[in-house]
Amino acid sequence: MPVHITIVEDDEDIAALVAYNLERQGWKCTLVHHGTEGWEQIRSSLPDCVILDMMLPGMDGYQVCTEIRKTSRVPIIMLTAKGETFDKVLGLELGADDYVTKPFNPLELIARVKSQLRRYTKLGNKAAVNENLYQTGGLVINDDLKELINLIKQNKNKLNRRNLNEEKFKRFDFFTG
């Protein structure tokens with residue numbers, strides 16, 4: 001299955017240029033020209049990477065990035081004319097994985113996408129897109145960790161090193177090694 005990249009860019013010429021260059025890599029691209037529609041597309045299609053402009057109609061890129069990060073670890077590359085240090089830091093702090101300013105070289109953008117995809121797919125984060133994430137305060141946990149916490153709560157008065165090897169804990173192999 002080819003890599004799927006969602007490009008959220010209101011300038012249709014730039015979006016087409018980005019898509020053309022990414023599609024030459026064998027990747028499938030979906031173009032969206034509005035922030036709110038971009039967020040809906042990302043949420044429903046679960047792409048492998050997002051290229052996101054900052055200045056968009058509807059939701060701006062900062063808002064879209066924030067919404068994505070509530071449920072997904074998909075790589076986000078900001079592609080924007082906003083080149084001030086404040087804008088770059090804000091985008092990265094809100095959850096972007098990389099930040100490219102316009103004008104840009106398509107070869108550099110392709111290299112940055114490849115870099116993000118390597119981390120995302122080869123280091124095991126791809127599955128994280130489909131898992132449920134729970135946030136409380138500054139802590140974010142997934143379904144496996146939530147299940148483990150519940151098991152520990154249920155067995156809190158009986159836990160010791162020996163019964164951590166029981167069958168119900170075996171799938172959490174970081175405890176039984």
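Residues numbered from 1 in each chain as written. Predicted model: local features only at pLDDT ≥ 70, side-chain atom pairs only at ≥ 80, totals over all residues. Heavy atoms only, no water.

Structural notes on the overall build of the protein chain
Alright, step 1. The secondary structure content of the protein chain amounts to seven helices and seven strands.
Alright, step 2. When the helices and strands of the protein chain are placed in sequence order, the string is β-α-β-α-β-α-β-α-β-α-β-β-α-α.
Alright, step 3. In the protein chain, which comprises 177 residues, the proportion classed as buried is 40%.
Alright, step 4. A separation threshold of at least 6 residues defines the contact pool for the protein chain, and within that pool the share at least 24 residues apart is 57%. (Helix = DSSP H or I, 4+ residues; strand = E, 2+ residues; numbered from the N terminus. Buried < 20%, exposed > 50% of the residue type's maximum accessible area, 1.4 Å probe, protein only. Contact = heavy atoms within 4.5 Å.)

Comments concerning the pattern of salt bridges
Pairing is possible between side chains of opposite charge, provided their charged atoms come close.
Alright, step 1. A full pass over the atoms with the stated rule returns eight salt bridges.
Alright, step 2. In this structure, the salt-bridge partner of Arg69 is Asp97, at a minimum N-O distance of 2.7 Å. Highlighted residues: Arg69 in helix H3 (residues 61-69) and Asp97 in the loop between helix H4 (85-93) and strand E5 (98-101), separated in sequence by 28 residues.
Alright, step 3. Among the residues examined, Arg69 registers a relative accessible area of 23% and is labelled partly exposed.
Alright, step 4. One salt bridge connects Arg112 with Asp98, and the closest N-O pair in it is separated by 2.8 Å. In this pair, Arg112 sits in helix H5 (residues 106-122) while Asp98 sits in strand E5, placing the two residues 14 residues apart along the sequence. (Salt bridge = Lys/Arg side-chain N within 4 Å of Asp/Glu carboxyl O.)

Description of the nonpolar core
Alright, step 1. Counting 19 residues, the largest nonpolar core has Ile5, Ile7, Val18, Leu22, Ile51, Leu109 and Val113 as its most contacted members.
Alright, step 2. Secondary-structure elements contributing two or more residues to this core are strand E1 (4-8), helix H1 (12-23), strand E3 (49-52), strand E4 (76-80) and H5.
Alright, step 3. Element by element, the count of residues in this core is highest for H1, at five residues.
Alright, step 4. In this structure, Ile5 is in contact with Leu22, Trp27, Lys28, Cys29, Thr30, Cys49, Ile51 and Val113, ignoring residues within four places of it in sequence. (Core = buried A, V, L, I, M, F, W, Y, C linked by side-chain atoms within 4.5 Å.)

Digging into the state of the cysteines
Alright, step 1. Across all of its chains, the model carries zero disulfides by this definition.
Alright, step 2. Of all cysteine sulfurs, the one in Cys49 lies closest to Cys29, which takes part in no disulfide; the gap is 9.4 Å. (Disulfide = S-S within 2.5 Å.)

Regarding unusual backbone geometry
Alright, step 1. Here the residue pair Lys102 and Pro103 is connected by a cis peptide bond, since its omega of -5° sits within 30 degrees of zero.
Alright, step 2. With respect to the secondary-structure elements, Pro103 resides in the loop between E5 and H5.
Alright, step 3. Unlike most non-glycine residues, Leu46 shows phi in positive territory, near 50°.
Alright, step 4. One can find Leu46 in the loop between helix H2 (35-45) and E3.
Alright, step 5. Residue Leu46 is classed as partly exposed on the basis of its relative accessible area, which comes to 36%.

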